[in-house]
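Okay, here's what each chain looks like letter by letter:
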Amino acid sequence: MTERTLRAQLLGYLLVPLGLLWIADALHTFFTVRSAINAAYDRALYASALAISERVTLAGTTPAVDIPPIALEVLDTASQERLFYRVAYRVGGAREIFLTGYQDLPGPPADPAGAPAFYDQRYRGDPVRVTALRTVYPTDPSIAVLVQVAETVGGRGSRTRELVA
């Protein structure tokens, strides 16, 4: 009877730490995969915003944009995520003027001057990941064009779960 108890104790001393290590490793794997997937999806969002931004032309102080189909096809995923975009501009310090896309897409929390901004919002009842890219044209007065591209985030979560499993 003492031998079984000793075996049970030794087994417990081995299995409990191994179980804890397995849980820690599973969590580490999940967060690492999620981070890599988010980075890849964010790069695709940025590529779309940049493609739209590069198609902005100025006619005097009024920007115009011809959205290429490739700008939104970059984000075409197998999980059929919904995509939204918005282009607006501001002349000097005046208020922002909507140009094209989804007018009610939430704006960035801070002004993304130069570098792209990435942020999470809720839009039309769904969580979305948004990138915002502001380009300032050196005209007099200056013209700042804000391009936003958003994507629902369900595909990110399902892809993460697939890879971790």
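Just above sits the structure.
All figures in this text were calculated on a predicted structure; none of them were measured in a lab.

*Asks:* Account for a nonpolar patch on the surface, naming residues and giving values.
*Replies:* Taken together, the side chains of V16, L20, W22, I23, L27 and F31 present a nonpolar region at the surface, about 650 Å² in accessible area. Mapping L27 onto the fold places it in helix 1 (residues 2-53).

*Asks:* Requested: an account of the pattern of salt bridges, with residues and values cited.
*Replies:* Applying the stated criterion across every chain, the model contains seven salt bridges. Put simply, D66 and R55 hold a salt bridge, and the shortest N to O gap is 2.8 Å. Highlighted residues: D66 in the loop between strand 2 (62-65) and helix 2 (69-73) and R55 in the loop between helix 1 and strand 1 (56-59), separated in sequence by 11 residues. Residue R55 is classed as partly exposed on the basis of its relative accessible area, which comes to 36%. We note a salt bridge from R86 to E96, for which the minimum N-O separation is 3.1 Å. Residue R86 is located in strand 3 (residues 83-91), and its partner E96 is located in the loop between strand 3 and strand 4 (97-101); the two are separated by 10 residues in the primary sequence.

*Asks:* Break down helix 3 (residues 154-164) for me, with residues and values.
*Replies:* Taken together, the buried positions of helix 3 are G155, R156 and T160. One side of helix 3 holds all its buried residues, which, seen down the axis, span an arc of 135°. Every exposed residue of helix 3 that faces more than 90 degrees away from the buried side is listed here: R161 and E162.

*Asks:* Can you break down the pairing of strand 2 residue by residue, with the values?
*Replies:* Working note: regular strand, side chains alternate between the two faces of the sheet. Pairing between strand 1 and strand 2: four bridges, direction antiparallel. Each residue of the ladder has a partner; that of L58, found in strand 2, is P63.

*Asks:* Which residues make up the sheet that holds strand 3, and what values do they have?
*Replies:* A sheet is described by the order of its strands in space; here five strands give the open sequence 4-3-7-6-5, paired in antiparallel fashion. Each edge of the sheet is formed by a strand with only one pairing partner; in this case those strands are strand 4 and strand 5 (117-123). Taken pair by pair, the neighbouring strands of this sheet meet at an average axis angle of 25°, ignoring direction.

*Asks:* If you had to explain the packing of aromatic side chains to someone new, which residues and values would you point to?
*Replies:* Tallied over the full model, the rule gives four aromatic pairs. Relative to F31, the ring of F30 has its centre 5.4 Å away and its plane inclined at 70°; by these criteria the two rings are edge-to-face. Accessibility expressed as a relative area gives 44% for F31, which makes it partly exposed. Taking 5.1 Å as the distance between ring centres and 85° as the angle between the ring planes, the aromatic pair formed by F84 and Y102 counts as edge-to-face. With F84 in strand 3 and Y102 in the loop between strand 4 and strand 5, the pair connects residues that are 18 residues apart, well separated along the chain. Take F84: its relative accessible area is 4%, and that puts it in the buried class. Under the relative-accessibility criterion, Y102 is labelled partly exposed at 27%.

What counts and how
- Residues numbered from 1 in each chain as written.
- Predicted model: local features only at pLDDT ≥ 70, side-chain atom pairs only at ≥ 80, totals over all residues.
- Heavy atoms only, no water.
- Patch = residues over 30% accessible without salt bridge, like charges linked within 9 Å, V, L, I, M, F, W, Y side chains within 5 Å.
- Areas by Shrake-Rupley, 256 points an atom, 1.4 Å probe, with all protein chains shown as cover.
- Salt bridge = Lys/Arg side-chain N within 4 Å of Asp/Glu carboxyl O.
- Helix = DSSP H or I, 4+ residues; strand = E, 2+ residues; numbered from the N terminus.
- Buried < 20%, exposed > 50% of the residue type's maximum accessible area, 1.4 Å probe, protein only.
- Arc of directions from axis to C-beta.
- Pairing = 2+ DSSP bridges.
- Axes fitted to C-alpha atoms, helices over the stretch in contact; angles between N-to-C directions.
- Phe/Tyr/Trp six-rings, centres within 6.5 Å; stacked < 30°, edge-to-face > 60°.

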